[in-house]
Structure formats: structure tokens, C-alpha cells
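A look at the structure
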Amino acid sequence: MKEEDLGEALHDLMVRTSPPPSMDPATALDQGRRALKRRRITLTGAAVVTLAVGVGVGPALVVHYAGNRPASPMVAGTGPVATTPVQTPSAVSTVTPSAPATRKSGDPWPEGQTDRTASAGPRADRAVALMNELSSSVPAGFTAPNLKYPDGRGMRWPQAQYASNDGEQDYWEYQAIIPVQKGDRVGGLLAMSTTPDGKPATTPCKLAQKFWGGTGTCAVVDVAGKKVGVVTTKGKSSYDQWAAYRYPDGTVVYVAQTKKTDNDARSPLTQPIFTTNQLAELATSPKFKISV
């Protein structure tokens, strides 16, 4: 062992140790020899590894420069360059689990909701789209203005809600209510689309009579081969008349009309907004069908 090597190892040991060890000559000399031995072993091992890699890989990677263009390794020789694949970290899923196929007591509300109503997101957007379609359906001579109640609340109202009860298949209900004006008088329209609920089909009139528990006389109207149940009340319901149609896939659409709204500050209409046939035709219009 050279004296310079022993001195360097001893100095290295003294610098790394805090607080400084007691300066016992024998101990210090022994520790310095051990540190030098470890250094030589490390250097020898590194040289062996470097030699092995150089033999196994072949042409060495000279430079890897990207600059302002896609990076491409420059190599000496013509052989392929061995590369190590880089694993991309897996994304963490933040998707809220969908509602169970069959509603059970105690199940959480679907899609991160705090109650039945979807106040934002795609489902709320579908309800707004339904409201806009209903507004565009108002016949000539009537308008669908953005009226308000005396307390400032808007009379136009879209809603999307999770409609399943315990033991029922998951299904959704989209609803839109708008005021309809003629002159200084105001009535209203409603459109409601319910996604397939897994329940068996029934007759057009039984389907129509399920709407909000309303009662009245029912007639089946044929619209290009489609059977629509139309209920006409005697003024004892929130709506004077409504039509109901069930699509083959189970989607159900209701369209209802009333001459008088729940805004007592507005005088009621003197005539229905639609005829019976027109109302039935609206119920079969694809623009009101929402199946998801």
C-alpha cells in the first residue's frame, strides 16, 4: 500500500465522520486500510461490468441528442442498438361506479349524485335539450317565452332524475316544462321521456293513465300505425290532456298540455295548444325519445 493512498483513505474517513472520532493511531490506521480496500473492490467491479456490457451490446451508443426534433440515437457501426423499454405508469381510474342493475335499499345514488336529481353532466344536458325541443314544437300563434313567477323563479324547468325504486331495474326520467303564451294569456306544455324500465308492455290507455295519477277518459289514436293513448281530464288534474306512447325498446314518452299554469298571476288560455291528433303525433316524435 502506498503512503499517499493510505493518507487519502484516512482523510476521507475523517471528513465523513461527525463528530470526529478519537484520534487513536492504531484504530485510524486500521479503518483507513479497510476503506482503501473497499474502494479498490468497487472500482474493479465497475470495470468488469463495463467490459461485460461492452462485449454483449455491440456498437456503443455515441450520442442521444433531441434538440427541437424527435430524439434518435446516433451509433457507431451498423448493428442495432439495444434499448430498454420504459413502462408508462397506469392511469388511476376516477370514474364513479354506475348504479347497480337492480336498485336495493341502501344503495348509493348513481354517478356521484347526492339525491335522485342529476343537476349537472350529460343527463342534465339531455333534459335541457328536451326542453328546447319542446319549445321548438309550439304551433303558430303561440310562443314559448322565458316567463317568471312573481318570486323571480323561471317557469321553464328541465329535470333529469334517477327514477328506480327498490327492487326495480335502473331507469331514468327526463322531464321538461315550459310556459306557452298567446296574447296576454299563458298555458303550459310538458314532455317526459323515460328510459326502458324492464317492465312489461301494457295497453296504450293503461300506460297513459299512469301519468301522474291523472284520471279522465282515454282514447287510442293511431299515428302511422303507432298506437297512442290520449287521456282527456275534466279539469281536476294539473294537465288537461296528455298522450303516451311506448317504443318497442321500452322507452316511454308523455306529452301533456294545460290551458292554466300554476302561476296565478297569469290568465289562462282560452283554447288548447294542440288538437288531440297533434298531441298524439308529438308523443311519437323521435326528438322526444331519450333511451339512455
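Below is a summary of the structure that appears in this document. Keep in mind that this is a model prediction, so the values were computed, not measured.

The biggest cluster of nonpolar side chains holds 34 residues, and the ones touching the most others in it are L189, V228 and F288. Per element, the largest residue contribution to this core is five residues, and it comes from strand 4 (residues 172-182). If near-sequence neighbours (up to four positions away) are discounted, V228 is found in contact with P204, A219, V220, V221, V223, A243, A244, Y245, A280, A283 and T284. Counting 13 residues, the second largest nonpolar core, distinct from the first, contains M192, L207, A208 and W242.

Quick look at unusual backbone geometry now. Leave glycine aside and you will find that most residues have negative phi; peptide bonds, for their part, are mostly trans. Not every positive phi belongs to a glycine, and E111 is a case in point at roughly 55°. Since its relative accessible area comes to 40%, E111 is described here as partly exposed. Non-glycine residue A224 carries a positive phi angle of around 50°. Position of A224 relative to the elements: it lies in the loop between strand 6 (217-223) and strand 7 (226-232).

Here, the word disulfide means a covalent bond between the sulfur atoms of two cysteines. Per the stated rule, a full pass over the model turns up one disulfide. The disulfide bridge from C205 ends at C218, spanning 2.1 Å between sulfur atoms. Between C205 and C218 the disulfide shows an S-S torsion of about -95°. By sign, it is left-handed. Placement of the pair is C205 in helix 4 (residues 204-208) and C218 in strand 6, with a sequence separation of 13 residues.

Burial within strand 5 (residues 185-194) is extensive, with nine of its 10 residues counted as buried. In this structure, strand 4 lies alongside strand 5, joined through 10 bridges in antiparallel fashion. Paired with P179 across the bridge in strand 5 is G188. The antiparallel hairpin formed by strand 4 and strand 5 contains two residues in its connecting segment, where G183 sits at a positive phi of about 65°. Pairing analysis gives seven bridges linking strand 5 to strand 9 (residues 252-258), with the strands arranged antiparallel. Note that in strand 9 the partner of M192 across the bridge is Y254.

Restricting attention to buried positions, one finds in helix 5 (residues 276-283) the residues L279, A280, L282 and A283. An end-on view of helix 5 places all buried positions within 160° of arc, on one side of the element. As for helix 5, its buried residues are in contact with strand 6, strand 7, strand 8 (241-246) and strand 9.

This part covers the pattern of salt bridges. All chains considered together, the criterion is met by eight salt bridges. Across the pair K199 and E168 runs a salt bridge whose closest N-O atoms are separated by 3.0 Å. Placement of the pair is K199 in the loop between strand 5 and helix 4 and E168 in the loop between strand 3 (157-162) and strand 4, with a sequence separation of 31 residues. The exposure class of E168 is buried, given its relative accessible area of 18%. With a shortest N-O distance of 3.2 Å, D249 and K289 are connected by a salt bridge. With D249 in the loop between strand 8 and strand 9 and K289 in the segment after helix 5, the pair connects residues that are 40 residues apart, well separated along the chain.

What counts, and where the lines are drawn
- Residues numbered from 1 in each chain as written.
- Predicted model: local features only at pLDDT ≥ 70, side-chain atom pairs only at ≥ 80, totals over all residues.
- Heavy atoms only, no water.
- Core = buried A, V, L, I, M, F, W, Y, C linked by side-chain atoms within 4.5 Å.
- Buried < 20%, exposed > 50% of the residue type's maximum accessible area, 1.4 Å probe, protein only.
- Helix = DSSP H or I, 4+ residues; strand = E, 2+ residues; numbered from the N terminus.
- Contact = heavy atoms within 4.5 Å.
- Disulfide = S-S within 2.5 Å.
- Pairing = 2+ DSSP bridges.
- Arc of directions from axis to C-beta.
- Salt bridge = Lys/Arg side-chain N within 4 Å of Asp/Glu carboxyl O.

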